[in-house]
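# An overview of the molecular structure
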Amino acid sequence: MSTRAWNLTERGRNLRERGDMLAFALRSAKRGWTLHRQAQGRGSVRLFSAPFKSATSSEKQRLDAIRKQGESKRRAYSLEQRERQSRPEVQYILQVSDDAAQGEAGKGSAGEEDPKQLSKAVQAAAPAEPATAGDQGGEEKASGSPPEPAPADVYTVDNVTQAQRVVALLSTRYKDKVYACDTEVADIDVKTASPVGHGKLISFALYCGPDAHFGVGVANGSRQSKIWVDLLDCDDREGIVEVFKPFMEDNDIKKVWHNYSFDRHIFGNEGIQCKGFFGDTMHMARLYDSSRLTKGGYSLESLSGDSKLLGEKASLFKKTSMKEIFGKPNIKKDGTEGKLVVLPPVDELQQGEETRGKWIKYCTLDVEATWQLYQALEGNLYETECIGDGVDMAQTYSNLVQGRRSFNMYEFYANFWRPFGSLLTDMEHKGVLADQDHLAKIEKVATQDQVEAQAFFREGASERVPD
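Bear in mind the structure is a predicted one, so any value in this text is a computation, not a measurement. (Residues numbered from 1 in each chain as written. Predicted model: local features only at pLDDT ≥ 70, side-chain atom pairs only at ≥ 80, totals over all residues. Heavy atoms only, no water.)

Our focus in this paragraph is the confidence of the model for the chain. The predicted coordinates should not be examined in detail at positions where pLDDT is low. In this model, the chain carries a mean pLDDT of 76, and residues with pLDDT of at least 70 account for 66%. When the criterion is pLDDT under 50, residues 28-56 qualifies, and its contacts beyond four places in sequence or with other chains add up to 87 contacts. Residue range residues 71-79 is modelled with pLDDT below 50. Its contacts to residues more than four positions away, or to other chains, number six contacts. (pLDDT = per-residue confidence, 0-100. Contact = heavy atoms within 4.5 Å.)

Next comes the structure, spelled out in structure tokens:
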């Protein structure tokens, strides 16, 4: 190993062994020393520490004694550990000047030190973050832990400028893709009220596959492929809705949904007439397996967890219910927690500091699960032959199969069920006319029939079952 001169600004000592130099530099950095490596045409390496601290003479003597006496690496490491615990606020920063480092590019032969290798060594020796309560044996994090942030792969839109930039990408670069869409709604009881004229749209999400990117740059090394539009904490709610309106009403841009009739009416309440309907995964799932009523039904939560349908992806995209994520036990009068789990209002979940990150994750996972379901169902229906009841489907619909001898279930869905699904939502939106006078007349007849049926039942029961 060649001998090099290392100039220490405070003492000017010469360390001849490279390992001793690095160890001494790390200890010195904790005390505010600056290390220079200077030579003609060579890189300049500097170690800084924050906050800057001055080393006392006794400390320097102690470190020097350890080096001279040649103590074991174990003791040196133990010393480093103790010092690291006593000064957890110290941070190491390595800077290599670009102009000087250019002369070292491509070098690394024997006897010459590569600045990049030294950088790696210093980074590896930097003290690790102190372990948190959540890192110890899987225990829960401390009560004061920060709330969960929004996912890095989600691009949030909360002003008109962002909306305009995203819609430009949706309508040009990614126009030919299939978009999954989903809404989140407040102020509606879906058990008692129709979405037509009811409910307030508080956010919606869009997803067209993992290869899209709507962010500016790459956040944390992740492509922002999911779009989440915030209509509560935003600058101009009406302006954002107006920007997205041409995209939602573009019949040439394909959009898939889960329970299309609900989302379409919610957008309709905002003055947006959704077009480009390309699929409803709830309807497609009924064609794929009409016996699911005994296997969990056709909810997104049930379908997204079906490993037979999604394979290994079921574990990644399975929807978790809102009550399981955000539910809290009700508080009884005595202040104790009850067994009943209650769900806070969705607008509070979206705006709450503790729940906002989880809420965004929940919303965007829904839309991603819908997109994954559509891809899986489309493939399965394509592979399933549609057999008519006494009808040769391929011959009857030869204009649809383009010369093939089979007619698959996806072609049946695309040509019959999909238009019918859109028609049903038209009927829901416009309503069905009813003759109120006729309804009043038949109500009287129905009431009389009910009375007669009850009397007939009681008479037959009394003959067979004595009092």
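Among the structural elements, His265 can be located in helix α8 (residues 260-269). Not counting the four nearest positions on each side in its chain, His265 is found in contact with Pro195, Val196, Thr425, Glu428 and His429. (Helix = DSSP H or I, 4+ residues; strand = E, 2+ residues; numbered from the N terminus.)

Across the interface, α8 lies against helix α18 (residues 409-430) with an axial gap of 10 Å and an inter-helix angle of 45°. The pairing of α8 with α18 is recorded here as oblique in orientation. Considering how the two elements wind past one another, α8 and α18 form a crossing that is right-handed. Contacts from Tyr260, Ser261, Arg264 and His265 of α8 reach α18 at Ser422, Thr425, Asp426, Glu428 and His429. (Axes fitted to C-alpha atoms, helices over the stretch in contact; angles between N-to-C directions. Parallel < 35°, antiparallel > 145°, perpendicular 65-115°, else oblique. Left-handed = near helix turned anticlockwise from the far one by under 90°.)

Once that is clear, we can look at the nonpolar core. Ranked by internal contacts, the top residues of the largest apolar core, which has 80 residues, are Leu170, Phe214, Phe244 and Trp359. Counting residues per element, this core draws most heavily on helix α15 (residues 356-382), at twelve residues. Setting aside residues no more than four positions away along its own chain, Phe214 makes contact with Tyr155, Arg165, Val166, Leu169, Leu170, Tyr174, Cys208, Gln224, Ser225 and Ile227. (Core = buried A, V, L, I, M, F, W, Y, C linked by side-chain atoms within 4.5 Å. Buried < 20%, exposed > 50% of the residue type's maximum accessible area, 1.4 Å probe, protein only.)

A few words now on the pattern of salt bridges. In total, this model carries eleven salt bridges according to the counting rule given. Of the charged contacts in the structure, one is a salt bridge between Glu368 and Lys226, with a shortest N-O distance of 2.7 Å. A residue pair is termed long-range when its members are at least 10 positions apart, and Glu368 in helix α15 and Lys226 in strand β8 (residues 226-230) qualify at 142 residues. Of the residues examined, Lys226 reaches a relative accessible area of 8% and is grouped as buried. In this structure, the salt-bridge partner of Glu270 is Arg237, at a minimum N-O distance of 3.0 Å. You can see Glu270 sitting in the loop between α8 and β10 (277-280) and its partner Arg237 sitting in helix α7 (residues 237-248), a full 33 residues away along the chain. When its relative accessible area of 17% is taken as the criterion, Arg237 is described as buried. In the salt-bridge network here, residues are joined through shared partners; they are Asp153, Lys226 and Glu368. (Salt bridge = Lys/Arg side-chain N within 4 Å of Asp/Glu carboxyl O.)

Looking now at the layout of surface pockets. Considered as a void within the structure, the largest pocket measures approximately 910 Å³ in volume. Residue lining of the largest pocket: 28 residues in total, with Val190, Phe262, Lys319, Met322 and Tyr362 positioned closest to the centre. When contributions to the lining of the largest pocket are tallied by element, the ones reaching two or more residues are β6 (179-186), α8, α10 (300-304), α13 (322-326) and α15. Looking at the lining of the largest pocket, the element that brings in the most residues is β6, giving five residues. (1 Å grid on protein atoms, 1.4 Å probe; cavity = no way out; pocket = protein on both sides within 12 Å on 5 of 7 lines; lining within 4 Å. Points joined across faces, edges and corners; volume = space filled by probe spheres on them.)

Note that strand β9 (residues 255-257) and β10 share three bridges and pair parallel. Paired with Lys255 across the bridge in β10 is Phe277. Between the parallel elements β9 and β10, the chain passes through α8 in a crossover that is right-handed. (Pairing = 2+ DSSP bridges. Right-handed = clockwise from strand over helix to strand, strands pointing away.)

The next point concerns the packing of aromatic side chains. Applying the stated rule across the entire model yields 15 aromatic pairs. Ring centres 5.4 Å apart and planes at 85° place the aromatic pair Tyr207 and Trp371 in the edge-to-face group. Placement of the pair is Tyr207 in strand β7 (residues 200-207) and Trp371 in helix α15, with a sequence separation of 164 residues. Note on accessibility: Tyr207 and Trp371 belong to one class, buried. Centroid distance Trp257 to Tyr260: 5.4 Å. Interplanar angle 50°. Geometry classified as tilted. For the pair formed by Trp257 and Tyr260, the shared burial category is buried. Ring pairs connect the aromatic residues Phe204, Phe244, Trp257, Tyr260, Phe267 and Phe277, which therefore count as one cluster. The ring of Phe247 has Lys255 sitting right over it, with the charged end atom 5.3 Å from the ring centre. A cation over an aromatic ring shows up here: Arg418 above the ring of Phe278, its NZ or CZ 4.5 Å from the ring centre. (Phe/Tyr/Trp six-rings, centres within 6.5 Å; stacked < 30°, edge-to-face > 60°. Lys NZ or Arg CZ within 6 Å of the ring centre and 35° of its normal.)

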